[in-house]
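Structural overview
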Amino acid sequence: MHRLKRLFLSRKTVLILILLILFSVLLAYIIPQRFYSIPENIEKWQQSNPSLAPFVIRFGLDHVYTTPWFAALLFIFLITLSISAFQQIKVSFKKTFSGVMPSGGNEFKKVDEVKVSTAIKEEGYLRMAGGPDWQKFVKYPWGYWGNVFLHLGIIITIASSLLIVLTEKRGLIYIYEREVHMPADKWTAKENGMLSENFVLPYAVRLEIVKTEFWDTDELKQLTSVLSFISEQGRSEQRTVAINQVMNYRGLNIYQQNRFGSAFFVEIADDKGFVNNSILQIESPQQRDKAGYGNFMIEGVPNLLKAKYFADAEKRSIDSNNPLLTLRLADKEKIIGEVSLKKGESGKLGPYTVRLADVLKWSGIIFADTTGMPGIFIGFFIIIIGSSIIYFMPPREIYLRRSDGGLFLLFRAGRFEDLHKEEFERISKGSEGRRSE
Amino acid sequence: MNNPLIIDTAIHWLAVIFYVIASVINIYGLIFRREKAEAASYYIVFAGLIVHGIALVYRWTIAGHGPYMVRYEVLSSNAWIALATFLAFSRFFPKIRPASIFMFPAVFLLIALGLFFNPEVKKLPPSLQSIWLVLHVTFYKIALGTILIALALSVFYILKNRTKIKWLERFPDKETLDIYAYRFVGFGFTFWAIGMLAGSIWAYQSWGRFWGWDPVETWSLITWVLFGIYLHLRRFFGWKEEKSAYFFVLCFIVSIISLFFIPLVESSIHAEYFR
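The structure reproduced in this document is the subject of the present report. (Residues numbered from 1 in each chain as written. Chains lettered and ligands numbered in written order. Predicted model: local features only at pLDDT ≥ 70, side-chain atom pairs only at ≥ 80, totals over all residues. Heavy atoms only, no water.)

1. Describing the overall build of chain A
What counts here: Working definition: helices are DSSP H or I runs of at least four residues, strands are E runs of at least two. Numbering for both runs from the N terminus. Each residue is assigned to one of three classes by its accessible area relative to the maximum for its type, calculated with a 1.4 Å probe on protein chains only: buried under 20%, partly exposed between the two thresholds, exposed over 50%. Residue contacts are defined here by distance: any two heavy atoms, one from each residue, within 4.5 Å place the two residues in contact. Lys and Arg are tallied as positive, Asp and Glu as negative. Neither His nor the chain termini are counted. Charge positions come from single atoms, namely NZ of Lys, CZ of Arg, CG of Asp or CD of Glu.
Within chain A, the regular secondary structure consists of 9 helices and 20 strands. Referenced to the eigenvectors of the C-alpha coordinate spread, the extents of chain A come out at roughly 115 × 50 × 50 Å. Per-residue burial for chain A yields a buried fraction of 49% across its 437 residues. Counting only contacts in chain A whose residues sit at least 6 apart along the sequence, the fraction spanning at least 24 positions is 59%. Counting 55 positive and 46 negative side-chain charges, chain A places the averaged centre of each group 7 Å from the other.

Following this line, the structure appears as structure tokens:
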């Protein structure tokens, strides 16, 4: 047990753990991660690295932060830090309230009793311990606790992030106006913690309207979605969510994602009269004279459908109710049909007749059920307190010893001793007795 | 002269002139041991700081947001905060004053570099409209200021150790340079942490997550951990003097990559800035 404790407390263990975590982070940076990259990019990476791909899949290197080995690494680091913090609490307590006088006598300097008392007070030293023939003064005695705070903060942050990684549930839906997302419907994207159950919404959600505001430079100013929450009993409650304006509804935090665009309701009819109704959700263009793009595979249509649209058919506005949709039918590299449509218009696209029946706006809505978030912020706050204390308020000590009929002074500083030379010299000079003595 | 961007650029150039004059006088004062000249350089640089501050406030007014979007304003505000940080710290720690020989030119080079980029105003996307963003950005800039000071002290330590350049005698002894470098890395570590905390609160407010592992965030964490390793090596493994000075130069290079290069080469939620 003692050996295990020594292993956990070893500085080398801590350094190796930090380096391993750093290496994992670098791996996650180099290898596309599932929660961050689109599936096509991951597939592309795996195809261009066929020898690495099985290894990546086996060890979960394409989702490093949600692998059991990464959680285990953090957990071991947490244990190391916890033992270290416990030791540090004992050391800090001893340093703050200890009644031990430093040994040795050569460094002590004879001083005047009245003058030294004034000089010490002026420099902000506080009396922390003492005996019949000695006293200990400390400037910034809380400085002894800087390391404890730093480590406690890191422990709380890592513990909270582990809790989040294990239990978090997040889901994203791309939803268009008047669409209802039922609890059983599939998410556009979701993240489930290792220990959490499948994320199912406790209510149905209907997107009533998407409101967009733009700067005169066509850049997005604000994006707002009005949502209706429909309970099992059919009761409906309307709420608004906007970017940076989080909403909480029945225990879930709901966020407005910054992705939005237009949903084009397209009827595609072949020469046999078979009609396919498709909804093409395309991300909004960046500017009025630039297009937004999307590629689609439509049921019953063997070719790739390439779509682009301008926010305004006249290219006069980024926020218009008159978009222009252009569809191209591709047979590998070759374009076999093209048509441009405004709302209500029809046209020929290769062998198909296409009608743009309606255009509605869509936006991305994020639902999150997270436990442990306050721990992250509290932990981080304590880290900052800890490191601020360490570097802004390093403690220094003054010992006064009465012996041989005189009073003797000694300085000590655990860290940055050289930085306090001037302060010590100032006190020393101001505490000197008269020369005749 | 009605174009606000021309007025903005003109005030910036005026600040550059102040900084160049201050740098020349400061270098002269330090190398030739002219204390009056050195003292005068501080007055001039302070005047430059005020003019530069006016330029940034004016820019803030015309852009409708703080100077943290396009390269021009990012570099300019970095320069301003780095200088203000140096002046504030040099008041409390007078021994770092000779680092002005590095800081003053670094500041005018930063702002001058910014002036070569397009000063056009970019509007703030809604996800960046948060007080936490202002704090996030400000503390990273202060961290940059402190690590610039630490870099200056580390480089001067190496120079003093390796060369016999006469004017380096004006600097504190090697031990003091070494320990001040250590302390300023500690300050940088603290301010970087505050920047990350503010950023994680902002991310939580915007996207419901405190950390998104996007490239800029990842590199910021790597840099912070590297600073932590530097401090750990110094405290527990006895690293000091030249070995730690070289290690810090490496840390500094990584921090510059994190702050300025990753947003350029990677797609990121942070990529809205510095483009």
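2. Digging into the packing of aromatic side chains
Which entries qualify depends on this criterion: Pairing of aromatic side chains here covers Phe, Tyr and the six-membered ring of Trp, requires ring centres within 6.5 Å, and sorts the geometry by plane angle: under 30 degrees stacked, over 60 edge-to-face, intermediate tilted.
Summed over all chains, the structure comprises 39 aromatic pairs over all chains. Ring centres of Trp69(A) and Phe70(A) lie 6.2 Å apart, and the angle between their planes is 85°; on these two criteria the pair is classed as edge-to-face. Owing to a relative accessible area of 30%, Trp69(A) belongs among the partly exposed residues under this scheme. Note on Phe89(B) and Phe187(B): the rings are 5.0 Å apart at their centroids and 25° apart in plane angle, and the pair reads as stacked. With a gap of 98 residues between them, Phe89(B) in helix α3 (residues 71–92) and Phe187(B) in helix α6 (residues 174–207) connect regions that are remote in the sequence. Residues Phe89(B) and Phe187(B) agree in their burial class; the two are buried. Of the aromatic side chains, those joined through ring pairs into one cluster are Phe392(A), Phe89(B), Phe93(B), Phe139(B), Tyr180(B), Phe184(B), Phe187(B) and Phe191(B).

3. Section: the side chain of His420(A)
Residues and elements named next belong to chain A. To keep it simple, the criterion reads: In the analysis that follows, any N or O atom pair within 3.5 Å is treated as a polar contact, provided that within protein one partner can donate a hydrogen and the other can accept it, and provided that, for residues neighboring in sequence, both atoms belong to side chains.
Examined against the element boundaries, His420 turns out to sit in the loop between β20 (406–413) and α9 (421–430). A distance of 3.5 Å separates a polar atom in the side chain of His420 from a polar atom in the side chain of Arg396. Not counting chain neighbours up to four residues away, the residues in contact with His420 comprise Pro394, Arg396, Ala413 and Arg415.

4. Here we look at the packing of α6(B) against helix α8 (residues 241–265) of chain B
All names here are of chain B. Here is the rule: Fitting a line to C-alpha atoms yields each axis, with helices limited to the stretch in contact; the angle taken between N-to-C directions then spans 0 to 180 degrees. Orientation is classified from the angle alone, with under 35 degrees giving roughly parallel, over 145 giving roughly antiparallel, 65 to 115 giving roughly perpendicular, and any other angle giving oblique. Should the near helix be turned anticlockwise from the far one by less than a right angle, the crossing is left-handed, and should it be turned clockwise, the crossing is right-handed. Under the convention adopted here, Pro, Cys and the residues Ala, Val, Leu, Ile, Met, Phe, Trp and Tyr are nonpolar, Asp, Glu, Lys and Arg are charged, and Gly plus all remaining residues are polar.
At a closest axis distance of 11 Å, the pairing of α6 and α8 adopts a crossing angle of 30°. With respect to α8, the element α6 is oriented roughly parallel. When the axes of α6 and α8 are compared, the crossing they make is left-handed. Residues Asp178, Val185 and Trp192 of α6 touch α8, and the partners they reach there are Glu241, Ser244, Phe248, Ser255 and Leu259. The class makeup of the residues in the contact of α6 with α8 is 4 nonpolar, 2 polar and 2 charged.

5. Points about the packing of helix α4 (residues 100–115) of chain B against helix α5 (residues 131–162) of chain B
Residues and elements named next belong to chain B. Their axes nearest at 9 Å, the elements α4 and α5 cross at an angle of 130°. Classified by the interaxial angle, the pair formed by α4 and α5 is oblique. Judged by the twist between their axes, the crossing of α4 over α5 is right-handed. For the pair α4 and α5, the contacting residues are Ile101, Phe102 and Met103 in the first and Gly145, Leu148, Ile149, Leu151, Ala152 and Phe156 in the second. Class assignment of the residues belonging to the contact of α4 with α5 gives a composition of 8 nonpolar, 1 polar and no charged.

6. Quick notes on the sheet that holds strand β7 (residues 204–214) of chain A
Applied cut-off: Between any two strands, pairing holds if DSSP finds at least two bridges.
Taken in spatial order, the 4 strands of this open sheet run β5-β7-β8-β9 (chain A), and their pairing is antiparallel. Each end of this open sheet is capped by a strand with a single partner; those strands are β5 (180–181) and β9 (236–242) of chain A.

7. Quick look at the layout of surface pockets
Rolled over the atoms, a probe with the dimensions of a water molecule shows which regions are left empty. Worth spelling out the cut-off: A cavity here means a set of points on a 1 Å grid, drawn over the protein atoms and nothing else, where a 1.4 Å probe fits but cannot get out; a pocket is an open set with protein on both sides within 12 Å along at least five of seven lines, and a residue lines either one if it has an atom within 4 Å of a point. Grid points are joined across faces, edges and corners, and a volume is the space filled by probe spheres set on the points.
Taken as a whole, the second largest pocket encloses approximately 450 Å³ of empty space. What lines the second largest pocket is a set of 17 residues, and nearest its centre among them are Arg396(A), Glu423(A), Phe92(B), Phe93(B) and Arg183(B). Breaking the lining of the second largest pocket down by element, the ones donating at least two residues are α9 of chain A together with α3 and α6 of chain B. In the lining of the second largest pocket, the residues fall into 9 nonpolar, 1 polar and 7 charged.

8. A short note on α6(B)
All names here are of chain B. This is how it is decided: Any helix carries an expected span of 1.5 Å times its number of residues minus one.
Its 34 residues place the ends of α6 48 Å apart at the C-alpha level, agreeing with the 50 Å of an ideal helix rising 1.5 Å per residue. Of all 34 residues in α6, 30 are buried; the element is thus mostly enclosed. Its side-chain oxygen 3.2 Å from the backbone nitrogen of Glu175, Asp173 forms the N-cap of α6. Looking one or two places after α6, you find Gly208, whose phi comes out positive at around 80°.

9. Some words on the interface of chain A and chain B
Threshold: Buried area is understood as the total, over both parts, of accessible area removed when two parts are fitted together, assessed with a 1.4 Å probe. Throughout this description, the term salt bridge denotes a Lys or Arg side-chain nitrogen within 4 Å of a carboxyl oxygen of Asp or Glu.
On the chain B side, the residues contacting the 52 residues of chain A number 55 residues. Interface of chain A and chain B: buried area, both sides summed, is about 5,000 Å²; carbon and sulfur atoms make up 67% of it. Together, Tyr29(A), Asn244(A) and Tyr391(A) form the three largest contributors to the area buried by chain A at its contact with chain B, with a combined 15%. Taken together, chain A and chain B are joined by 0 salt bridges. Counting every contact that joins chain A to chain B gives 10 residue pairs in polar contact (both at pLDDT 80 or more). At the level of secondary structure, the elements contributing two or more residues to the side of chain A that touches chain B comprise α2 (11–30), α7 (146–167), β8 (220–230), β11 (252–269) and α8 (373–392) of chain A. Here the element with the most residues in the side of chain A that touches chain B is α8(A); it accounts for 11 residues. For the side of chain A that touches chain B, the residue count by class is 31 nonpolar, 10 polar and 11 charged.

10. So, helix α7 (residues 215–236) of chain B
Residues and elements named next belong to chain B. Counted at 1.5 Å a residue, the expected span for α7 with its 22 residues is 32 Å, and the 31 Å between its end C-alpha atoms agrees. Judged by how many residues are buried, α7 sits mostly within the fold: 20 of 22 residues are covered. Looking at where α7 begins, the residue whose side-chain oxygen comes 3.0 Å from the main-chain nitrogen of Val216 is Asp214. Just downstream of α7 lies Gly238, where phi reads positive at about 70°.

11. So, the pairing of strand β17 (residues 346–349) of chain A
All names here are of chain A. The side-chain alternation of β17 yields one buried face, formed by Gly347 and Leu349, and one unburied face, formed by Ser346 and Lys348. Summarising the sheet, β17 and strand β18 (residues 352–369) pair through 4 bridges and their orientation is antiparallel. Within the sheet, the bridge partner assigned to Lys348 lies in β18 and is Thr353. Counted between consecutive antiparallel strands, the loop separating β17 from β18 contains 2 residues, among which Gly350 sits at a positive phi close to 55°.

12. Digging into unusual backbone geometry
Residue and element names in this part refer to chain A. Phi at Asn244 is positive, roughly 70°, even though this residue is not glycine. Structurally, Asn244 is set in the loop between β9 and β10 (247–249). Taking the relative accessible area as the measure of exposure, Asn244 reaches 12% and is therefore buried. Of note in the backbone geometry, Lys315 takes a positive phi value of approximately 60° without being a glycine.

13. Observations concerning the sheet that holds β20(A)
All names here are of chain A. Taken in spatial order, the 5 strands of this open sheet run β1-β20-β19-β3-β2, and their pairing is antiparallel. Two strands close off the open sheet at either side, each with one partner strand: β1 (109–111) and β2 (126–131). Shown here is a sheet whose adjacent strand axes are inclined to one another by a mean of 30°, direction ignored. As defined by bridge partners, strand β19 (residues 396–403) adjoins β20 across 8 bridges and the pair is classed as antiparallel. Looking at β20, one finds that Glu397 is bridged to Arg412. Relative to β20, α9 is tilted by about 170°, and along the sheet it contacts β1, β3 (134–139), β19 and β20.

14. So, empty space enclosed by the protein
One pass over the structure, following the stated rule, counts 2 cavities of 30 Å³ or more. Of the volumes computed, that of the second largest cavity is approximately 50 Å³. Across the lining of the second largest cavity, the residue classes break down as 5 nonpolar, 2 polar and 2 charged.

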